Amino acid sequence: MNTDAVLRINNLHVHYQTPQGAVKAVDEVNLFVGRGERFGFVGESGCGKTTTALAILQMIQYPGKIVAGEILLEGKNLVELNAEEMRRTRWREVSLIPQGAMSSLNPVMRIKDQIADAILTHEGRSARTGLNQRIEDLLVTVGLQRPVAQMFPHELSGGMKQRVCVAMAIALKPKLIIADEPTSALDVVVQRIVTQTLIEVQERIGASLILIGHDMGLQAQIVHRLAIMYGGHLVEMATVKKIFQAPQHPYTQVLIGSVPSPKTKKSPFALPGLPPALLNPPPGCVFHPRCAKALEMCRTQVPPLHEIQAAHFVACHLYR
Amino acid sequence: MGLSVGYVIRRIAMFLVVIWVAATINFIIPRLVPGDPIQTMLAHMAQTERIENAAAITQELRATYGLDAPIQEQYARYILNSFRFDFGLSLNQFPTKVGDLVLRAMPWTIGLLATTTLLSFGLGTLMGALLVWRGTPRWAQVMLTPFTFFAAVPYFLLAVVFLYLFAYVWKILPTGGVATAGAKAEWTLAYVGDVLQHFILPAAAMALAGLGNWMLGIRGMMVTTIGADYLNLAYAKGLTDRRIFFRYALRNAMLPQVTSLVIALGHIVSGAILIEVIFTLPGIGNLLYRSIGFLDYPMIQGITFVLVVSVAFSVLLLDLFYPRLDPRITYTRK
Ligand SMILES: Nc1ncnc2c1ncn2[C@@H]1O[C@H](COP(=O)(O)OP(=O)(O)O)[C@@H](O)[C@H]1O
Ligand SMILES: [Mg+2]
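Residues numbered from 1 in each chain as written. Chains lettered and ligands numbered in written order. Predicted model: local features only at pLDDT ≥ 70, side-chain atom pairs only at ≥ 80, totals over all residues. Heavy atoms only, no water.

## Remarks on the overall build of chain B
Of the regular secondary structure elements, chain B holds 14 helices and 0 strands. The linear arrangement of helices and strands in chain B, starting from the amino end, is α-α-α-α-α-α-α-α-α-α-α-α-α-α. If you line up chain B on its principal axes, its C-alpha atoms span 85 × 65 × 40 Å. Counting only residues that meet the buried cut, chain B has 43% of its 334 residues in that class. Long-range pairs, those at least 24 residues apart, make up 73% of the contacts in chain B between residues at least 6 apart in sequence. (Helix = DSSP H or I, 4+ residues; strand = E, 2+ residues; numbered from the N terminus. Buried < 20%, exposed > 50% of the residue type's maximum accessible area, 1.4 Å probe, protein only. Contact = heavy atoms within 4.5 Å.)

Okay, structure coming up:
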């Protein structure tokens, strides 16, 4: 991993316009992902992880909208691309391993046709020669057998479908792969194997990986750097080592404390209160109503993401 | 794919059983109805000519129609004849064979109704899908919406309105029939053009009335499909909007429509009655209508049989071909 960033997100704000008002699903998010880096993105359900991923792909659906911010993919601002330019960028430069892999394959199309679709759309007719071989090779790369190419999705198990999604995601050797909770629907054993496969192929093609998840323990073994999201805000971002050894944000500290460990026998998740309603987020720091260390200013002022040590970013007033 | 030889054989056997049951019912019903068709026939004859020896004629007619044989023999012969599509002679157009009359009427019905059904299915499915597709321009959606209104209008009402406007008020299209009176039926451009001109109004009425239903049917399915995960992934793959529309959205959303289409095609014959009567077209529907009025039992039975066979055959085709459309459906026994 080196420091030149493949992806840089600056001041991203995504709102869903509902009749009750704007849901601030992503609020002031700043991050970068290095070349070849595996970047973990964690936070509880509904905190805006998927929305951030979809924003990168410019696939936020109505009533959602990117209200502000830049998304720079190798310096190219995706927010400013027109629909056709963005369509050509998708998959060729950024691919997605979707959250619902079970249902993300077209039920009436053979696996090979679904992979071929992506290849032919972006590479044109010339890619036809040797296409079947190429698709089968891709399937072998992710640990599937060649005959899977001829099958339909319903003939595959959940783990196999997820592998197909992985094969599809690397078909065009993109610079960045976004995996949105790729294994959350699989059982633990399959989860590990599929994740292992994902890492292998990611390293082979030298792509960067954004791995979205809520399992800190799983993430810790896989990614280089972690970003913690809470209520639409990025609250902490640092290497896995720093996050686990010296978590700074009170929310991160609770999360780390909740990772089950036989040594410490801590009771999991001891966080009072509910996740914030993003429709009417609390003023000041979104986390302050549940924070044991909240200061007076936390109720009124939003803490910006701040580099408190080299490459360790925290958004908390305790460290100003 | 999902089909096994055993399944195909079983399914075809089932088709034959359905036809056998239909033929049996055809055999039984007239024998349960009070009244004697031979006497009815005699009564009709008596209106036009003097009947001298009624008893002898009755005897002769009974023999002609095989009504003098024992009931088992009558039944066996009836079933056999049904499968050979032989329903004897029409009473109304005596002594023409029922089979011949049906065969003569069939092309008109199929030509008009199969075409309009397929046309309205194709157009309606596409229009209904575009109605909710987010890539459709706003103006196109506005233009398409009024067509769903036709789902609420029965086709015969539309037919009468069309007839009134185009044939009586504006006099730009013929009022009925399949060709101008006196035109020679031959494969010339003039004759074919003449027939097509006569088909415009009934076809427009049927197609337009069907359109709304197909549009509403696909619209609901399309909304569900648009929210599916595989559509999202198709977008993420950077496929063109057109490809996503046809290969991912419409392809899946139309599966239930295909079932409806096949059933609609099977019901063409019965659906034809009113339109053929309104436009005096010499098709099966009109034939059935006149036969009922005349209590022409052999004719009614023949047409009913055709109806049953066409529905059963459509369903058979659907069962055999559906696995090709939806690979999740399999008929192989595990
Ligand atoms: N279509 C939508 N309309 C309104 N609110 C939405 C919509 N989609 C997502 N949200 C809201 O945006 C927030 C973030 O959602 P999401 O990005 O899916 O979270 P995560 O992936 O972290 O679970 C949630 O509070 C959710 O309720
Ligand atoms: Mg999510």
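Don't stop here, the text continues.
## Focus: the interface of chain B and chain A
Taken residue by residue, the interface counts 21 residues in chain B and 24 residues in chain A. Summed over both sides, the interface of chain B with chain A buries roughly 2,100 Å², with 59% coming from carbon and sulfur. Looking only at chain B, the three residues that lose the most surface to chain A are Leu233, Ala236 and Lys237 of chain B, adding up to 28% of its buried area. For aspartate 117 of chain A, the salt bridge identified is with arginine 243 of chain B, shortest N-O distance 2.3 Å. Here chain B is connected to chain A by 11 residue pairs in polar contact (both at pLDDT 80 or more). Among the elements that take part in the side of chain B that touches chain A, helix H9 (residues 229–236) of chain B stands out by supplying 6 residues, more than any other. Classifying every residue of the side of chain B that touches chain A by side-chain character gives 9 nonpolar, 4 polar and 8 charged. (Buried area = accessible area lost by both parts, 1.4 Å probe. Salt bridge = Lys/Arg side-chain N within 4 Å of Asp/Glu carboxyl O. Polar contact = N/O pair within 3.5 Å; in protein donor to acceptor, adjacent residues only side chain to side chain. Nonpolar A, V, L, I, M, F, W, Y, C, P; charged D, E, K, R; others polar.)

## Examining the sheet that holds strand E2 (residues 21–34) of chain A
All names here are of chain A. In space, the 4 strands of this open sheet follow the order E2-E1-E4-E5, with antiparallel pairing throughout. Each edge of the sheet is formed by a strand with only one pairing partner; in this case those strands are E2 and strand E5 (76–77). Of the strand pairs in this sheet, strand E1 (residues 5–18) and strand E4 (residues 64–73) are connected by 8 bridges, and their pairing is antiparallel. In the strand pairing of E4, asparagine 10 is matched with glutamate 70. Against the sheet, helix H1 (residues 49–56) contacts E1, E2 and E4, and its axis sits at roughly 115° relative to E1. (Pairing = 2+ DSSP bridges. Axes fitted to C-alpha atoms, helices over the stretch in contact; angles between N-to-C directions.)

## Digging into the coordination of the magnesium ion (ligand 2)
Ideal donor angles around a metal are set by the shape: a four-donor tetrahedron calls for 109.5 degrees, a six-donor octahedron for 90 or 180 degrees. Binding of the magnesium ion (ligand 2) to the protein goes through Thr50 of chain A (OG1) and Gln99 of chain A (OE1), at separations of 2.0 to 2.8 Å. Residue threonine 50 of chain A is located in helix H1, and its partner glutamine 99 of chain A is located in the loop between strand E6 (94–97) and helix H3 (111–123); the two are separated by 49 residues in the primary sequence. (Donors = N, O, S within 2.8 Å, 3.2 Å for Na, K, Ca; no water.)

## Some points on the packing of aromatic side chains
Residues and elements named next belong to chain B. On inspection of all chains with the given rule, the structure shows 21 aromatic pairs over all chains. Where phenylalanine 27 meets tyrosine 78, the ring centres are 5.6 Å apart and the plane angle is 55°; that geometry is what we call tilted. Taken together, the residues phenylalanine 27 in helix H1 (residues 5–32) and tyrosine 78 in helix H4 (residues 71–83) connect sequence positions 51 residues apart. Under the relative-accessibility criterion, phenylalanine 27 is labelled buried at 6%. Between phenylalanine 85 and phenylalanine 87, the aromatic rings sit 5.6 Å apart at their centres with planes inclined by 90°, giving edge-to-face as the arrangement. Overall, the relative accessible area of 31% leaves phenylalanine 85 in the partly exposed class. By way of ring pairs, the aromatic residues Phe27, Tyr75, Tyr78, Phe85, Phe87 and Phe305 are connected into one cluster. (Phe/Tyr/Trp six-rings, centres within 6.5 Å; stacked < 30°, edge-to-face > 60°.)

## Comments concerning unusual backbone geometry
All names here are of chain A. At the junction of tyrosine 62 and proline 63, the peptide bond is cis and its omega measures out at 5° in the coordinates. For proline 63, the position within the fold is in the loop between H1 and E4. With a phi close to 50°, asparagine 11 is a non-glycine residue in the positive phi region. Examined against the element boundaries, asparagine 11 turns out to sit in strand E1.

## So, the confidence of the model for chain B
Residues with a pLDDT of 70 or more make up 98% of chain B, whose mean pLDDT is 88. Across the whole predicted complex the pTM is 0.87, and at the interface the ipTM reaches 0.92. (pLDDT = per-residue confidence, 0-100.)

## Examining the nonpolar core
Inside soluble globular proteins, nonpolar side chains tend to come together where they are buried. In terms of nonpolar packing, the biggest core is built from 113 residues, with Leu7, Leu31, Ile56, Leu139, Ile178 and Ile210 of chain A touching the most fellow members. The greatest single-element share of this core, amounting to 7 residues, is contributed by helix H5 (residues 158–170) of chain A. Aside from chain neighbours lying at most four places away, what touches leucine 139 of chain A is Ile111, Ile115, Leu144, Gln145, Arg146, Val148, Ala149, Val164 and Ala167 of chain A. Residues Tyr191, Met206, Met215 and Phe279 of chain B belong to the second largest nonpolar core, which totals 32 residues. (Core = buried A, V, L, I, M, F, W, Y, C linked by side-chain atoms within 4.5 Å.)

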